[in-house]
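The primary structure of each chain is shown beneath.
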Amino acid sequence: MNIYKFPHNFLWGAASAAYQIEGAWNEDGKGESIWDRFSHTPGKISDGQTGDVACDHYHRYEEDIALMRRLGLKAYRFSVSWPRVLPLGRGRVNPQGLDFYDRLVDALCAANIEPYLTLYHWDLPQALQDEGGWTNRVTSHAFADYAALMVKRLGDRVRNWTTFNEPSVVAFNGNLFGEHAPGLQDPKTAYQAAHHLLLAHGLAARTIRAAQPDANVGIVLNLWPAEPETDSAEDASAAKAYWEKYEIHFLEPLFKGHYPLGAYEMAGENMPVVKDGDLALIAQKLDFVGINFYSRSVVNAQGRVDSVPGSEYTEMGWEVCAPAMRRLLVKINQEYKLPPIYITENGAAFADEVSADGKVHDPRRLDYLKQHFLQTRLAMQDGVDVRGYFVWSLTDNFEWAHGNTKRFGLIRMDYDTLQRTVKDSGEWYAEVIRTNQIQD
Ligand code: IFM
């Protein structure tokens, strides 16, 4: 048995997102978001579920923070619902919305849990979507004003600001594949949205720094390394091409100041309008980058392989392959000049049940996390500067188009009673945090 210690100040946490947990979709002056509109549209979400109630975190945040304490979390990553604080996206402020985040942050600080705040985890105010959403450059400026509002209210207690969570999912799953809000399938819209998301990131980062000089500002990217199916030269070059086409659309402008050639190939005539100065703003220095890692793409000369013989798959249909995480971290660390890294999401959906003993035994999730912690530790030994780890997710929650059917939590949610039950993986994670080590 080997013991792997983590650095003494390693930041162990868990992550969530407003629409996935808060509920209270139309309470206390909150405006409608694109996810409210999308989930209320018949046929968009599995079983017709919505995030109207979700985990009811809006009313139960104190209970959730008590659970975070029980796990010993050092940090909590959450997002603000933009239309809760600015019902129309700009202009009129909703004081009750701001008060909620004020109470949440106060309670986290009182529990000695460091808040990591994400400004945008997918729930654009519907009013802005009605004006073109992310295809409208005005939305990027509205986002920076929203960032300023949040810093003014919370900047005395929140130091760590993430502009966007997974901008590629926002741009492409929402505007090209149509499986997420706003449910569009239009390449021109998607590529322009991608650019305006990056622009909004740049504008907001500059705004946050001006208002709060000691802020740590970053962005969170989801990356699926593309790996060859076999040792053949054909598969190797197919995997390289796949990575360059699909995975670096955001990495390159953020950390090299230009769009990759693969983006031009993919977008063709749909490449966005980019104005002078945009790329410099987008590539400004960051304090951290968050990486969300779940799985990899296995590629051969014919394209992406559906299933790898002998591999384990989660309920999302995602292959479990922890060593790919170490390889990804080492690769991006070599190819880009990155700021310190946080693993801002990692976790697995499995179909958990409450057993006769009242507990939730989830050995597969526990093992998944252990393997990924280990591979991250090995990447750190390889020289990658990883400062912390946020498990996705604190509780089971509303998994977007899958509704409540996919369970990622360290804590199980009974969606009828909203009772929370810490799973075995949660108890195990508490021990990892307490001892700051894992054993294989
Ligand atoms: O639930 C999502 C989260 O909102 C963003 N990253 C991936 C998770 C699992 O699909």
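Residues numbered from 1 in each chain as written. Predicted model: local features only at pLDDT ≥ 70, side-chain atom pairs only at ≥ 80, totals over all residues. Heavy atoms only, no water.

A. Structural detail: helix α7 (residues 137-154). Across its 18 residues, α7 extends 26 Å between first and last C-alpha, which sits within 8% of the 26 Å expected from 1.5 Å per residue. By the burial criterion, the buried members of α7 are Thr139, Ser140, Ala142, Phe143, Ala144, Tyr146, Ala147, Leu149, Met150, Val151 and Leu154. Packed against the buried residues of α7 are α4 (82-85), α5 (95-110), β4 (114-120), α6 (126-129), β5 (160-165) and α9 (187-211). (Helix = DSSP H or I, 4+ residues; strand = E, 2+ residues; numbered from the N terminus. Expected span 1.5 Å × (residues − 1). Buried < 20%, exposed > 50% of the residue type's maximum accessible area, 1.4 Å probe, protein only. Contact = heavy atoms within 4.5 Å.)

B. Looking closely at the site of the ligand. Taken together, Gln20, His121, Trp122, Asn165, Glu166, Tyr294, Trp318, Glu345, Trp392, Glu399, Trp400 and Phe408 make up the full set of residues near the ligand. Within the side chain of Glu399, a nitrogen or oxygen atom sits 2.5 Å from an oxygen atom of the ligand. If you map the ligand onto the pockets, it falls in the largest pocket. Its residues assigned to classes, the shell around the ligand comprises 6 nonpolar, 3 polar and 3 charged. (Near = heavy atom within 4 Å. Polar contact = N/O pair within 3.5 Å; in protein donor to acceptor, adjacent residues only side chain to side chain. 1 Å grid on protein atoms, 1.4 Å probe; cavity = no way out; pocket = protein on both sides within 12 Å on 5 of 7 lines; lining within 4 Å. Sits in = over half its atoms within 2 Å of the grid points. Nonpolar A, V, L, I, M, F, W, Y, C, P; charged D, E, K, R; others polar.)

C. Here's a closer look at the sheet that holds strand β8 (residues 288-292). Strands sit in the order β2-β3-β4-β5-β6-β8-β11-β12 around a closed barrel of 8 strands; the barrel is parallel. Put simply, the sheet's adjacent strands are angled 25 degrees from each other on average, direction ignored. Here strand β6 (residues 216-222) pairs with β8 via 5 bridges, running parallel. Within β8, the position partnered with Ile219 by the bridge is Val289. Contacts from helix α14 (residues 323-335) reach β8, β11 (341-345) and β12 (386-392), with the element oriented near 140 degrees to β11. In the packing of helix α15 (residues 363-381) onto the sheet, the strands contacted are β2 (11-15), β11 and β12, and the crossing angle to β12 comes to about 165 degrees. (Pairing = 2+ DSSP bridges. Axes fitted to C-alpha atoms, helices over the stretch in contact; angles between N-to-C directions.)

D. Local environment of empty space enclosed by the protein. Under the criterion given, the structure shown has 3 cavities of 30 Å³ or more. By volume, the largest cavity is sized at about 60 Å³. Together, Ala18, Tyr19, Glu22, Gly23, Trp25, Lys30, Asp36, Gly51, Ser81, Arg84 and Asp123 line the largest cavity. Each residue belonging to the lining of the largest cavity can be placed in one class, and the counts come to 3 nonpolar, 3 polar and 5 charged. Taken as a whole, the second largest cavity holds about 40 Å³ of empty space. (Points joined across faces, edges and corners; volume = space filled by probe spheres on them.)

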